[in-house]
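Fold and contact review
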Amino acid sequence: MDSYIEFEGVGKVYPGRTRRAAPTEALQEVTFGIARGEFCSILGPSGCGKSTLLRILDGLVRPEAGRVLVDGTAVDAPGADRAMVFQHFNLMPWRTVLRNVEFGLEARGVPAAERRATALRYVELFGLHGFEEHFPSQLSGGMQQRVGLARALAVDCEILLMDEPFGALDAQTKTLMQLELARIWHEDQRTVVFVTHDIEEALFLSDRVVVMSARPGRIAHVVDVPFGRPRDEHLRGTAEFAALKEQTWEMLRDASGAALVGAGAETS
Ligand SMILES: Nc1ncnc2c1ncn2[C@@H]1O[C@H](COP(=O)(O)OP(=O)(O)OP(=O)(O)O)[C@@H](O)[C@H]1O
Ligand SMILES: [Mg+2]
């Protein structure tokens, strides 16, 4: 079966910092596919190569072995079809909310009127209506995070690469952001590759969860998440959800070996 995104035997070794320092084998023989429109999360112990895998898909890092295909074409550089979203959104403090959201569209040469209309739509979608002319310093942390997400999603790209985008948020804001992301993803059906340390977050958001082993990172397990859409907060309280969480936790523990499982991966 041909997937939209295809990792084929991907391996990555980073050279040591000095000639005598040992190289780091970050990824080994990573092979899996992601369907168009799928929400796929990647879980794994700290240092197992999750960010590296995203960077390879984005085209920022080249693998030594294997390759990544997007829609049948090998990735060799960043492209307009992919956008990376990081944990720290780096808003521009001198720009208003609206102008921050417009930024990615400017960079892609979207005409001013269309840019404005799109930015306003995403400002609205993320509940920032009324704050268009505020500056980041005038917003709460969670609102700033929403501006960052609105900015990333306003760009019309098919694939969103998200590297622990909610890792720095408090629990309540995080839950709200997960709901907003799930809702917006459901509306515009993009393909999302989402790296997280948080099992519950991965299961709540995803169609599939890929569990990686400790370094060198390999695919250890793939969890098919059976819950229907749209999902709401009640899902987390169900016995089915708790059971899958427990099962995934065991897979992650098994895949981690002696390695440290990242903060936030506890079962409670
Ligand atoms: N630019 C680099 N140069 C050298 N080594 C690197 C580089 N980037 C990552 N590494 C190494 O590759 C391994 C995988 O790193 P990576 O950042 O992909 O892991 P990760 O799974 O995202 O970890 P975390 O969960 O802590 O974010 C680590 O051992 C790291 O030290
Ligand atoms: Mg990382």
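Scroll up to find the structure.
What this report covers is the structure whose coordinates are included nearby.

**Side note on the overall build of the chain**
- In terms of regular secondary structure, the chain is built from seven helices and 10 strands.
- Against the 2.2 N^0.38 benchmark of 18 Å for 268 residues, the chain shows a C-alpha radius of gyration of 19 Å, consistent with a compact globule.
- Summarising its shape, the C-alpha atoms of the chain cover approximately 50 × 45 × 40 Å along the three principal directions.
- Taken across its 268 residues, the chain has 38% of its residues classed as buried.

**Comments concerning unusual backbone geometry**
- Cis geometry is found at the peptide bond from Arg-215 to Pro-216, where omega equals -5°.
- Note that Pro-216 resides in the loop between strand S9 (208-212) and strand S10 (219-224).
- Residue Pro-230 is bonded to the preceding Arg-229 through a cis peptide linkage, with omega at -10°.
- By the element assignment, Pro-230 lies in the loop between S10 and helix H7 (239-256).
- One non-glycine residue, Asp-71, adopts positive backbone phi at about 50°.
- Summarising the element assignment, Asp-71 is placed in the loop between strand S4 (65-70) and strand S5 (73-74).
- Residue classification places Asp-71 among the partly exposed positions, given that 14 C-beta atoms sit within 10 Å.
- For Glu-164, which is not glycine, the phi torsion reads 45° and is therefore positive.

**Examining the site of ligand 1**
- The immediate surroundings of ligand 1 are formed by 13 residues, with Tyr-14, Ser-46, Lys-50, Ser-51 and Thr-52 found nearest.
- Listing elements by their share of the shell around ligand 1, those giving two or more residues are strand S2 (24-34) and helix H1 (50-58).
- Looking at the shell around ligand 1 element by element, the count peaks at three residues for H1.

**A few points about the sheet that holds S10**
- The strand order across the open sheet formed by six strands is S6-S7-S8-S3-S9-S10, and the pairing between neighbours is mixed. Two strands lie at the open edges of the sheet, namely strand S6 (82-85) and S10, each paired on one side alone. The mean angle between the axes of side-by-side strands here comes to 15°, regardless of whether they run parallel or antiparallel.
- Sheet analysis places strand S3 (residues 39-43) next to S9, joined by four bridges and oriented parallel. In the sheet register, Leu-43 faces S9, and the bridge partner there is Val-211.

**Details of the environment of His-197**
- Among the secondary structure elements, His-197 is positioned in the loop between strand S8 (191-195) and helix H6 (199-205).
- Given 20 C-beta atoms within a 10 Å radius, His-197 is considered buried.
- In this structure the C-alpha to C-alpha distance between His-197 and Leu-161, which are 36 residues apart in sequence, comes to 15 Å.

**Quick look at the sheet that holds S4**
- With respect to topology, four strands assemble into an open sheet ordered S2-S1-S4-S5, the strand pairing being antiparallel. Of all the strands in the sheet, just S2 and S5 have a single pairing partner and so form its edges.
- Bridge count between strand S1 (residues 5-14) and S4: five bridges; the pairing is antiparallel. Of the residues in S4, the one forming a bridge with Ile-5 is Val-70.

**Observations regarding the packing of helix H2 (residues 97-107) against helix H4 (residues 141-154)**
- For the pair H2 and H4, interaxial distance at closest approach is 7 Å and the crossing angle is 30°. The orientation of H2 with respect to H4, classified from their angle, is roughly parallel. Here H2 runs over H4; the crossing is right-handed. Contacts between H2 and H4 involve Val-97, Asn-100, Val-101, Phe-103, Gly-104 and Leu-105 on the former and, on the latter, Val-147, Ala-150, Arg-151, Ala-152 and Ala-154.
- Class assignment of the residues belonging to the contact of H2 with H4 gives a composition of eight nonpolar, two polar and one charged.

**Some points on H2**
- If you check which residues of H2 are buried, you get Val-97, Leu-98, Asn-100, Val-101, Glu-102, Gly-104 and Leu-105.
- One or two residues past the end of H2 sits Gly-109, with phi positive at roughly 75°.

**Notes on H1**
- Counting buried positions along H1 gives seven out of nine residues, so the element sits mostly inside the fold.
- Considered for burial, the residues of H1 that qualify are Lys-50, Thr-52, Leu-53, Leu-54, Ile-56, Leu-57 and Asp-58.
- Looking one or two residues past H1, Gly-59 carries a phi angle of roughly 95°, positive in sign.

**Here we look at the environment of Gly-49**
- With respect to the helices and strands, Gly-49 occurs in the loop between S3 and H1.
- Through-space distance from the C-alpha of Gly-49 to that of Glu-25 is 9.0 Å; in sequence the pair is 24 residues apart.

Procedures and definitions
Residues numbered from 1 in each chain as written. Chains lettered and ligands numbered in written order. Predicted model: local features only at pLDDT ≥ 70, side-chain atom pairs only at ≥ 80, totals over all residues. Helix = DSSP H or I, 4+ residues; strand = E, 2+ residues; numbered from the N terminus. Rg over C-alpha atoms; globule rule 2.2 N^0.38 Å. Buried ≥ 20, exposed ≤ 12 C-beta atoms within 10 Å, placed from the backbone. Near = placed C-beta within 6 Å. Pairing = 2+ DSSP bridges. Axes fitted to C-alpha atoms, helices over the stretch in contact; angles between N-to-C directions. Parallel < 35°, antiparallel > 145°, perpendicular 65-115°, else oblique. Left-handed = near helix turned anticlockwise from the far one by under 90°. Contact = placed C-beta atoms within 7 Å. Nonpolar A, V, L, I, M, F, W, Y, C, P; charged D, E, K, R; others polar.

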